[in-house]
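# Observations on chain architecture
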Amino acid sequence: MVTKTISPSRGPAKTSGRDRAERKLAFRMTAPSLVIMALVAAVPIGYAIWLSLNQYSVRTAGLSRFVGLENYINALASQEWWAAFGQTFLFAGLSVSLELVLGTAMALLLNLAFKGRAVLRTVVLLPYAIITVVSAITWQTMFQPNMGLVTNVLSTLGLPGGDVVWLGEHGYAMAVIVMADVWKTTPFAALIILAGLQVISAETYEAAELDGASKWQTFVNITLPLLRPAIVLAAIFRTMDALRVFDLPFVLTRGANGTESMSMLAYTQLRENRLVGEGSALSILTFLTVMVVSVIYVRFAGGNIRDVAKEEQ
Amino acid sequence: MSTLTAERPTAELATRPKAPKRRLRGESKLHPLVWVFVVAVMAFSLIPFYWLVNTSLKKGASLSQGELFPSQPTLENYLVVFHNPEFLLALRNSVIIAVVTTTVALVFASFAAYALARLKMRRKAMILTLILSVTTFPAIAIAAPMFSIWREIGLYDTLLGLIIPKLTFALPLAIYTLTSFFKEIPRELEESAYMDGATPFVAFRKVILPLAVPGLATTAILVFISVWNEFLLAVTLTTSPEARPVPVAIAFFSGTSEFDQPLGTISAASVIITVPLVILVLVCQKRIVSGMTAGAVKG
């Protein structure tokens, strides 16, 4: 870009004329998308903030009373919010860490050149395309008391867990929700990490081999550090997604047994209890939580991502 | 092929030990433990599918006993699903919503992505950050106010009322993925179009867009899957079968036939809507992989 502007073959006047035309075109081409996103993201969020400052009558729709921060104070003082907050973070922590470990292992596997790699890649990708609701139903059927695959196999082998009502107890229900999520989204983490793996040059490995490094040493001292940006990126995407979790607990437990997520709690207040003000306050709190976490991530790992961006240019 | 030519590479290998040996070793030998891991990963990915299909083929006692293979496989659950008008309606709704959203998102996103990838532009970094930040919004933050706005202006429980908010989440995904595809097209092509007197927009439409077809196809698949999959907006903004898409219809399936074991029919419905997606993955797995990784690492 820099060389282009000082290139002597084109006059500076002509270049700036084209510059202006390009900027104008760029503005026109980006505007529709930005307008749509602003209208359907920024405006509703502004409206949600307004709704959250009001109390709506449950019986008479539309009848409202300005209450200031009361909905927020009530939410932050309630046990439900903190329970949902805690459960969402527990779910995100468990599923994201499992997905990163499994995803890294899967990526290393997919990076090996062996016969059948294409088959493995396709098979691994299948759960990603499954809609989350179906994935939830699938895992639900596997853990049905007596008639599910897992409960059946466990009791046949005489192992514990066969006679448990998995979705009827907090710890077990959470385990099923985490497994369903890991099953569906590990391929996503694996592919991002695989892309990071393919950027590492073969020469780096050859040098390590010449120095007599063992496979494990090579992995810990070369692969993992060079892979860090990709892993962090996968972690960011997956964490943002996990903190917004809704479909899985909705289908698997309807939020029972302490598996209600932040999004679910807001939904329940809004749709089932028709508490528009409270529901909006909870959805804004969910939004703020996700935003704070993403800012923390970018703050601590952002340099990493910027380095990747620089190398790519 | 003669034995002579077949032998030659091996002879060469002996003189150049390091680099080619590495490639060869990777191709031929895989540690037995690695094979165990390959099989475990495959099983983990496939067994749930098997169980879903297995459950969908069972009825009555064979369902409640949880047989590992259906002793009396029956297609009855599938017939029930196909005779369920609500399911057919949901299928129609999902197709309309996904096709319209994907098409509209692709048109607008290809403009925006081209400008962001190629044209000189003020505040480009800020705009990209803004677009990215939309993807981090929890859908509930949009769904809550949409619920109120849509009820006031009559878009609640309509297909259009679902397409509009879904577009907001489809656009950044499409822009992000397409930007990285546009960046990969050689710049010389536009330069030569400019030499021929084309304006930047003509260069985009006549030269770049046709070359970007693979990238557009990839983006379309990713957007389609995510729109088809989306649940929270769909469940918040609909209330009747007339506007309900497939995921919501399936989630509420259990209520319709409680006297029977509904698990069989739910599984059958799940299999029915999964088959097209599985075919999509089988046919387009390379595209899906490149799309998912292009947006992520090359952005």
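Here's a quick rundown of the structure.

The rules behind these values
- Residues numbered from 1 in each chain as written.
- Chains lettered and ligands numbered in written order.
- Predicted model: local features only at pLDDT ≥ 70, side-chain atom pairs only at ≥ 80, totals over all residues.
- Heavy atoms only, no water.
- Core = buried A, V, L, I, M, F, W, Y, C linked by side-chain atoms within 4.5 Å.
- Buried < 20%, exposed > 50% of the residue type's maximum accessible area, 1.4 Å probe, protein only.
- Helix = DSSP H or I, 4+ residues; strand = E, 2+ residues; numbered from the N terminus.
- Contact = heavy atoms within 4.5 Å.
- Patch = residues over 30% accessible without salt bridge, like charges linked within 9 Å, V, L, I, M, F, W, Y side chains within 5 Å.
- Areas by Shrake-Rupley, 256 points an atom, 1.4 Å probe, with all protein chains shown as cover.
- Salt bridge = Lys/Arg side-chain N within 4 Å of Asp/Glu carboxyl O.
- Axes fitted to C-alpha atoms, helices over the stretch in contact; angles between N-to-C directions.
- Parallel < 35°, antiparallel > 145°, perpendicular 65-115°, else oblique.
- Nonpolar A, V, L, I, M, F, W, Y, C, P; charged D, E, K, R; others polar.
- Polar contact = N/O pair within 3.5 Å; in protein donor to acceptor, adjacent residues only side chain to side chain.
- Arc of directions from axis to C-beta.

Counting residues in hydrophobic clusters, the biggest one holds 182 residues, and the most contacted among them are Phe 182, Ile 250 and Ile 288 of chain B. For this core, the element with the highest residue contribution is helix α8 (residues 170-199) of chain A, accounting for 16 residues. Residues contacting Ile 250 of chain B, with those up to four places away along its chain left out, are Val 133, Val 134 and Ile 137 of chain A together with Ile 266, Ala 269, Ser 270 and Ile 273 of chain B.

Moving on, we get to a nonpolar patch on the surface. On the surface, a nonpolar cluster with roughly 590 Å² of combined accessible area is contributed by Val 153, Leu 157 and Leu 159 of chain A together with Tyr 50, Leu 68 and Phe 69 of chain B. With respect to the element layout, Leu 157 of chain A can be found in the loop between α7 (149-156) and α8.

Here the focus is the packing of helix α4 (residues 79-111) of chain A against helix α5 (residues 117-129) of chain A. Residue and element names in this part refer to chain A. Remark: α4 packs on α5, axes separated minimally by 9 Å, with the N-to-C direction vectors making an angle of 150 degrees. Our classification of the angle between α4 and α5 gives roughly antiparallel. Taking contact as the criterion, the partners of Met 106, Leu 109, Leu 110 and Asn 111 in α4 are, on α5, Arg 117, Leu 120, Arg 121 and Val 124. Partitioned by chemical class, the residues of the contact of α4 with α5 number 5 nonpolar, 1 polar and 2 charged.

Below, the discussion takes up the side chain of Arg 271 of chain A. Residue placement: Arg 271 of chain A occurs in helix α12 (residues 262-272). A polar side-chain atom of Arg 271 of chain A sits 3.3 Å from a polar atom in the side chain of Tyr 156 of chain B. A distance of 3.0 Å separates a polar side-chain atom of Arg 271 of chain A from the backbone oxygen of Thr 236 of chain B. Not counting the four nearest positions on each side in its chain, Arg 271 of chain A is found in contact with Phe 147, Tyr 156, Val 235, Thr 236, Leu 237, Thr 238 and Thr 239 of chain B.

Residue and element names in this part refer to chain A. Turning to helix α3 (residues 70-77), its buried residues are Asn 71, Tyr 72 and Ala 75. In a view along the axis of α3, the buried residues occupy a sector of 95 degrees, so they form one face of it. Along α3, the residues that are exposed and aim more than 90 degrees away from the buried face are Ile 73 and Ala 77.

Attention now moves to unusual backbone geometry. Non-glycine residue Asn 257 of chain A carries a positive phi angle of around 55 degrees. Looking at the element boundaries, Asn 257 of chain A is found in the loop between α11 (247-252) and α12. One non-glycine residue with positive phi stands out, namely Asp 157 of chain B, at about 65 degrees. Locating Asp 157 of chain B in the fold gives a position in the loop between α8 (139-153) and α9 (159-183). A residue is classified by how much of its surface remains accessible, and Asp 157 of chain B, at 18% relative accessible area, is buried.

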